[in-house]
Each structure stands twice: as structure tokens, then as C-alpha cells.
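Remarks on the overall topology
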Amino acid sequence: MSTPSQLCVIASFMYDLVVTAPRRPEPGETLVGTDFATFVGGKGFNQAVAAARTGATTAVVGRLGKDPFAEEFREFLLAEGIDDSGVRIDPEHGTGVGLPYVQEDGQNSITIVPRANLAVTEGDVEAAREQIEQAEVLLVGLEIPMPAVVRAAQLGRAAGTTVVLNPAPFHPVPPELLDSVDIVVPNEVELRQMVPGVPDPTEAALALHDQVGCALVVTCGSQGLIVVERGSARTVPAHRVEAVDTIGAGDAFCGCLGARLALGDPLDEAIDYANAAAALSVTRSGGAPSVPSAAETTRFIDGRSAAL
Ligand code: RIB
């Protein structure tokens with residue numbers, strides 16, 4: 001058994017092939033893009049990198065394919081000091097792939113082909129039981145099959161680990177998962193999918209809070225955050241920055257939030273830190289590579305406070 005980590009992520013891995021273009025092409029149209037780049041990504045992986053850069057010892061559990069993409073992930077994990085002993089090489093599927101499309105205003109939309117991520121089993125999670133039980137915080141997301149996610153959350157809950165769910169991409173969340181979750185962090189799109197037909201985001205967040213029965217933090221990009229705890233909602237403004245690429249901003253938020261909770265912050269302080277780190281991340285390209293270090297984030301927060 002490897003050394004216990006403060007934070008464990010049931011992680012998805014997607015190799016991102018990123019296209020930048022003025023807009024999305026219409027059906028049947030060929031459009032000339034302006035840039036292309038590749039990045040190691042996937043929501044869980046990006047969150048793990050954010051957590052490690054925030055200073056929490058971090059472990060990942062998941063599956064990569066038997067291909068050169070996997071080698072790049074292994075190298076990146078090693079360089080970030082992330083424990084990857086819970087990552088298996090899947091013999092039958094390739095590493096997951098992401099196709100993010102970045103518009104020139106920095107907004108993005110993404111198609112994922114999860115491949116090896118869909119082969120993650122409850123058995124994989126059981127094999128990482130000690131990592132989950134000994135962590136302060138467990139991060140789970142929905143790029144991994146639901147049975148594995150549910151099992152991980154149940155193990156975390158039984159051990160007193162704080163369980164944070166990023167319900168992305170949207171899937172209906174079964175009650176047995178909600179029973180084991182402490183904080184839910186959707187973005188505004190997932191909020192609308194989880195609570196259809198409620199146009200006002202604060203009302204939708206309050207309705208979702210009723211459903212999930214735990215703390216809720218909705219990330220709304222440049223509109224800031226909606227935080228709902230014990231039946232009452234408040235908003236936290238976003239930091240004003242020049243957005244270059246919003247890929248992974250939500251992951252930066254989730255990973256930093258989880259890490260600061262694991263390091264002992266109360267929820268409000270963890271939210272303020274994660275809000276600043278996510279703002280900084282959109283000023284740079286890529287998902288994981290754009291996540292700032294703890295020193296950069298602290299400098300940014302201090303600079304903003306001094307300017308008030
Ligand atoms: O949240 C951004 C991530 O979502 C990308 O890295 C992409 O791979 C998808 O998983």
C-alpha cells in the first residue's frame with residue numbers, strides 16, 4: 001500500500017485535441033480554425049492536478065489505455081507528484097479522448113469519447129479502498145461509470161471522508177449516490193439539466209439543494225458562484241479577468257476547493273481560494289496546464305485585496 005494522500009480523485013483521463021475557431025461550423029460547412037493544441041485532460045485528471053498544485057497530497061484512481069497517450073499522462077502525474085498507483089492500464093480500450101472547441105471569445109464546448117474510462121469498475125475502486133478511506137476529501141465525477149462512482153462515495157462516506165461530487169457531464173444522479181455526498185458542484189449547464197424548467201439560477205439552485213440535501217456550489221463562469229447551505233443561497237462574484245480559454249476552469253475550481261478542504265479550510269475560505277485559482281486558470285490555455293500554483297493564487301488574492 002502506498003502512502004495515504006490527503007485527497008483522492010476517482011479520475012477520468014481524456015487526451016484533449018483542442019481546436020480554436022471563431023465559431024462552431026454549421027452542419028455541412030467547412031470552417032477555417034485559427035489554432036490547434038493537444039493537452040492531457042479529463043475532468044478528474046484536471047482536478048487532481050489542481051489539488052496537487054494547491055498543496056494537498058493527491059492520489060488518482062482510474063484507467064488509461066495501452067497507448068502513447070497513457071505515457072504522457074504517466075509523465076505528467078509523476079512531474080506533479082500525484083500518486084498513480086490506483087491507475088490501471090486497460091487491455092482492451094484506448095485512453096479517453098476529448099475534443100474541446102474553443103471560440104475566440106474563450107468559451108468552449110467539448111465532445112468526449114471516454115473509452116478506457118468506461119471500463120472503470122467497482123473492483124478498481126475496492127482495490128483503492130485504503131486511499132479513499134484515508135483521504136480527507138474524495139472527488140468524484142460522472143465521466144466514470146455510475147456503479148464505480150457510487151461505490152467510491154459509499155466507501156468515503158463510511159470512513160468519514162468528505163465526498164465532493166462534480167456532476168459532469170450530466171447524468172441523473174441516483175439517490176444512493178446523493179446519500180453519500182457532502183458537497184455538489186455543478187456548473188450552470190448541469191444545474192439547468194438537473195432542475196429543468198426553472199429559469200432563475202438562484203431558484204434552480206435552491207430547488208437542487210432541496211433535492212440533494214447537502215451543500216451546493218454552482219459555478220456560473222463570469223457570473224460567479226451560487227452557494228447554497230442549510231436552505232439559504234448567496235452569490236460570490238467572479239474575479240474580472242481577460243479570458244483566453246475556459247477549458248477546465250470548473251475542474252480548477254473543484255480540485256482547489258477539495259484541496260483546501262483537505263488542508264483544513266472551512267467551506268467559505270476554500271470557495272474563495274478556488275474562485276481565485278479558477279479565474280487565473282482562464283487567463284491561460286489548456287485544462288490541467290493552466291492551473292496556477294498555490295503561490296500564484298495567493299499572490300493574485302493578495303493583489304486583488306490590496307486594490308480594494
Ligand atoms: O472540463 C474540461 C475537461 O472536460 C477537458 O479536459 C475534457 O477532456 C473534458 O473531460
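Up top is the structure these notes are about.
So, here is what we can say about the structure in this document. (Residues numbered from 1 in each chain as written. Predicted model: local features only at pLDDT ≥ 70, side-chain atom pairs only at ≥ 80, totals over all residues. Heavy atoms only, no water.)

Each helix and strand counted, the protein has 11 helices and 13 strands in total. By principal-axis analysis of the C-alpha atoms, the protein measures approximately 45 × 45 × 40 Å. In the protein, buried positions account for 52% of the 308 residues. Sequence separation of 24 or more characterises 68% of the internal contacts of the protein that already satisfy a separation of 6 or more. Working note: accessible area of the protein is about 13,100 Å², and carbon and sulfur atoms make up 52% of it. Side chains of the protein give 20 positive and 40 negative charges; the mean places of these two sets differ by 1 Å. (Helix = DSSP H or I, 4+ residues; strand = E, 2+ residues; numbered from the N terminus. Buried < 20%, exposed > 50% of the residue type's maximum accessible area, 1.4 Å probe, protein only. Contact = heavy atoms within 4.5 Å. Areas by Shrake-Rupley, 256 points an atom, 1.4 Å probe, with all protein chains shown as cover. Lys, Arg positive; Asp, Glu negative; His and termini not counted. Charge placed at Lys NZ, Arg CZ, Asp CG, Glu CD.)

A water-sized probe rolled over the atoms picks out the places where empty space is left. Throughout the structure, instances matching the rule amount to 1 cavity of 30 Å³ or more. Reported here for the largest cavity is a volume of approximately 50 Å³. Lining the largest cavity, in full, are Ile 10, Ser 12, Lys 43, Gly 44, Gln 47, Val 140, Gly 141, Leu 142, Glu 143, Ile 144, Asn 166 and Ala 168. Listed by contribution, the elements that provide at least two residues to the lining of the largest cavity are helix H1 (43-54) and strand S8 (137-141). Its residues assigned to classes, the lining of the largest cavity comprises 5 nonpolar, 5 polar and 2 charged. (1 Å grid on protein atoms, 1.4 Å probe; cavity = no way out; pocket = protein on both sides within 12 Å on 5 of 7 lines; lining within 4 Å. Points joined across faces, edges and corners; volume = space filled by probe spheres on them. Nonpolar A, V, L, I, M, F, W, Y, C, P; charged D, E, K, R; others polar.)

Let us look at the side chain of Ser 5. Within the secondary structure layout, Ser 5 lies in the segment before strand S1 (7-10). For Ser 5, a relative accessible area of 5% gives the class buried. Every residue in contact with Ser 5, bar those within four places of it in the chain, is listed here: Thr 57, Thr 58, Ala 59, Asp 83, Gln 131, Gln 134, Ala 135 and Glu 136.

With that settled, consider the pattern of salt bridges. If you walk through the whole model with that rule in mind, you get 14 salt bridges. The partner of Asp 124 in a salt bridge is Arg 63, and the shortest N-O contact between them spans 2.7 Å. Of the two residues, Asp 124 is situated in helix H3 (residues 122-127) and Arg 63 in strand S4 (residues 58-65); the sequence distance between them amounts to 61 residues. Put simply, Arg 88 and Asp 124 hold a salt bridge, and the shortest N to O gap is 2.8 Å. Taken together, the positions of Arg 88 in strand S5 (residues 83-90) and Asp 124 in helix H3 put the pair 36 residues apart, joining distant regions of the chain. Three or more residues are tied together by salt bridges with common partners; here these are Arg 63, Arg 88, Asp 90 and Asp 124. (Salt bridge = Lys/Arg side-chain N within 4 Å of Asp/Glu carboxyl O.)

Quick look at the sheet that holds strand S10 (residues 183-184) now. Spatial ordering of the open sheet is given by S5-S4-S1-S8-S9-S10-S11-S12-S13, a layout of 9 strands whose pairing is mixed. Looking at which strands have only one partner, the edges of the open sheet turn out to be S5 and strand S13 (232-236). Contacts from helix H5 (residues 146-159) reach S1, S8 and strand S9 (162-166) within the one sheet, and its direction differs from that of S8 by about 165°. (Pairing = 2+ DSSP bridges. Axes fitted to C-alpha atoms, helices over the stretch in contact; angles between N-to-C directions.)

What follows concerns the layout of surface pockets. Within this model, the largest pocket holds a volume of roughly 1,300 Å³. Taken together, 48 residues form the lining of the largest pocket, with Asn 108, Asn 187, Thr 246, Ala 249 and Gly 250 sitting closest to its centre. When residues of the lining of the largest pocket are traced back to their parent elements, those giving at least two are strand S2 (14-21), H1, strand S7 (108-113), helix H7 (188-194), helix H9 (249-262) and helix H10 (267-281). Looking at the lining of the largest pocket residue by residue, the class counts come to 21 nonpolar, 19 polar and 8 charged.

Moving on, we come to H1. Side chains of residues three or four places apart in an α-helix project in the same direction, reflecting 3.6 residues per turn. With 12 residues, H1 extends 16 Å from end C-alpha to end C-alpha; this agrees with the ideal 16 Å at 1.5 Å per step. Here H1 lies mainly inside the structure; 10 of its 12 residues are buried. Listing the buried residues of H1 in full gives Gly 44, Phe 45, Asn 46, Gln 47, Ala 48, Val 49, Ala 50, Ala 51, Ala 52 and Thr 54. Looking one or two residues beyond H1, the residue adopting positive phi is Gly 55, at roughly 110°. (Expected span 1.5 Å × (residues − 1).)

Near the ligand the following residues occur: Met 14, Asp 16, Gly 41, Gly 42, Lys 43, Asn 46, Ile 110, Ile 112, Glu 143, Gly 248 and Asp 251. One nitrogen or oxygen atom from the side chain of Asn 46 is found 3.2 Å from an oxygen atom belonging to the ligand. At 2.6 Å from an oxygen atom of the ligand is found a side-chain nitrogen or oxygen belonging to Glu 143. Burial of the ligand by the protein chains amounts to 96% of its free accessible area of 280 Å². Comparing atom positions with the cavity grids shows the ligand to sit within the largest pocket. Grouping the amino acids of the shell around the ligand by side-chain chemistry returns 3 nonpolar, 4 polar and 4 charged. (Near = heavy atom within 4 Å. Polar contact = N/O pair within 3.5 Å; in protein donor to acceptor, adjacent residues only side chain to side chain. Sits in = over half its atoms within 2 Å of the grid points.)

All chains considered together, the criterion is met by 6 aromatic pairs. Consider the rings of Tyr 15 and Phe 69, whose centres lie 4.1 Å apart with planes at 10°: the pair is stacked. Taken together, the residues span a long stretch of sequence, with Tyr 15 in strand S2 and Phe 69 in helix H2 (residues 68-80) at a distance of 54 residues. Under the relative-accessibility criterion, Tyr 15 is labelled buried at 6%. (Phe/Tyr/Trp six-rings, centres within 6.5 Å; stacked < 30°, edge-to-face > 60°.)

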